[in-house]
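Structural overview for review
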Amino acid sequence: SEPLPDFAHIYNSQEKKQAFFSYLIPIVKSVNSRVEQERSRVIELQNKPQLNSDEERYLEKLTKKYRVKVTRGYSPMVFQELLFKVDTIPPSLVLAQAANESAWGTSRFATQGNNLFGQWCFSKGCGLIPAHREKNATHEVAKFDTVYKSVESYVLNLNRHTQYKGLRKIRYKSRQEKQPVKGVQLAKGLQGYSERGQDYVNEIQSMIRFNNLSSFDHSG
């Protein structure tokens with residue numbers, strides 16, 4: 001994906017926002033379309049009476065990736081859990097969190113590590129050491145080769161981490177009711193993303209509203 005532009009030198013804040021969103025939208029669409037492919041494949045395999053070994057191998061890879069437990073073969077439960085997790089994240093939510101976590105693409109973690117979401121990693125030397133880290137903390141802020149990889153990792157995190165089960169429930173319910181999946185609603189499931197809990201949720205929701213980001217959720 002395109003290298004991160006130098007947003008710090010765009011001094012007009014409206015221009016900076018426009019540039020940030022224009023840069024990120026195609027990346028978000030591309031990550032979501034990969035997830036969409038996985039999802040349609042799951043639906044396709046769910047409807048087959050018999051799976052061949054390639055299909056089973058594919059499912060094995062996917063269940064590992066999304067941390068779905070398989071005890072006795074690929075039961076309806078496994079498929080249900082996969083469909084609960086293998087799904088897209090509305091662009092409005094991705095854009096608002098990226099803007100919030102990376103200060104519109106200008107933070108040290110963004111410019112030095114292509115990390116727009118403040119994702120952590122836990123092995124020594126895996127990323128950048130935060131300036132205000134607690135004395136006994138060992139986490140670093142992950143470095144990514146590309147912004148694409150940062151977005152991909154963030155989407156996977158929301159899709160599989162136990163912290164965001166609430167977010168996935170909201171999304172699943174919208175799907176069941178054949179309603180559009182809205183970022184502003186999914187944001188309610190982000191209490192665990194920041195130590196600021198509900199204040200963080202409110203902030204993300206107001207960023208979505210203020211910047212009219214919901215318009216990106218339904219544009220193909």
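Residues numbered from 1 in each chain as written. Predicted model: local features only at pLDDT ≥ 70, side-chain atom pairs only at ≥ 80, totals over all residues. Heavy atoms only, no water.

**Some words on the overall build of the chain**
- Secondary structure assignment for the chain yields 9 helices and 3 strands.
- Relative to its length of 220 residues, the chain is compact, with a C-alpha radius of gyration of 18 Å against a globular reference of 17 Å.
- Along the first, second and third principal axes, the C-alpha set of the chain runs to 60 × 40 × 35 Å.
- Considering the chain as a whole, with its 220 residues, one finds that 46% of them fall into the buried category. (Helix = DSSP H or I, 4+ residues; strand = E, 2+ residues; numbered from the N terminus. Rg over C-alpha atoms; globule rule 2.2 N^0.38 Å. Buried < 20%, exposed > 50% of the residue type's maximum accessible area, 1.4 Å probe, protein only.)

**Details of the state of the cysteines**
- Under the criterion given, the structure shown has 1 disulfide.
- In this model C121 forms its disulfide with C126; the gap between the sulfur atoms is 2.1 Å. Residues C121 and C126 share a disulfide whose torsion about the S-S bond is about 90°; that sign makes it right-handed.
- Assessed through its relative accessible area of 14%, C121 is described here as buried. (Disulfide = S-S within 2.5 Å.)

**Describing the sheet that holds strand β3 (residues 140-142)**
- Taken together, 3 strands build an open sheet; the order of strands is β1-β3-β2 and the sheet is antiparallel. At either margin of the open sheet sits one strand with a lone partner, and together these are β1 (120-121) and β2 (127-128).
- Alignment of β2 against β3, held across 2 bridges, turns out to be antiparallel. Note on β3: the bridge partner recorded for L128 is V141. (Pairing = 2+ DSSP bridges.)

**Side note on unusual backbone geometry**
- Despite not being glycine, A103 shows a phi value in the positive range, around 50°.
- Looking at the element boundaries, A103 is found in the loop between α4 (91-102) and α5 (108-113).
- The backbone of K178 sits at a positive phi, close to 55°, despite the residue not being glycine.

In short, geometric facts, not functional conclusions.
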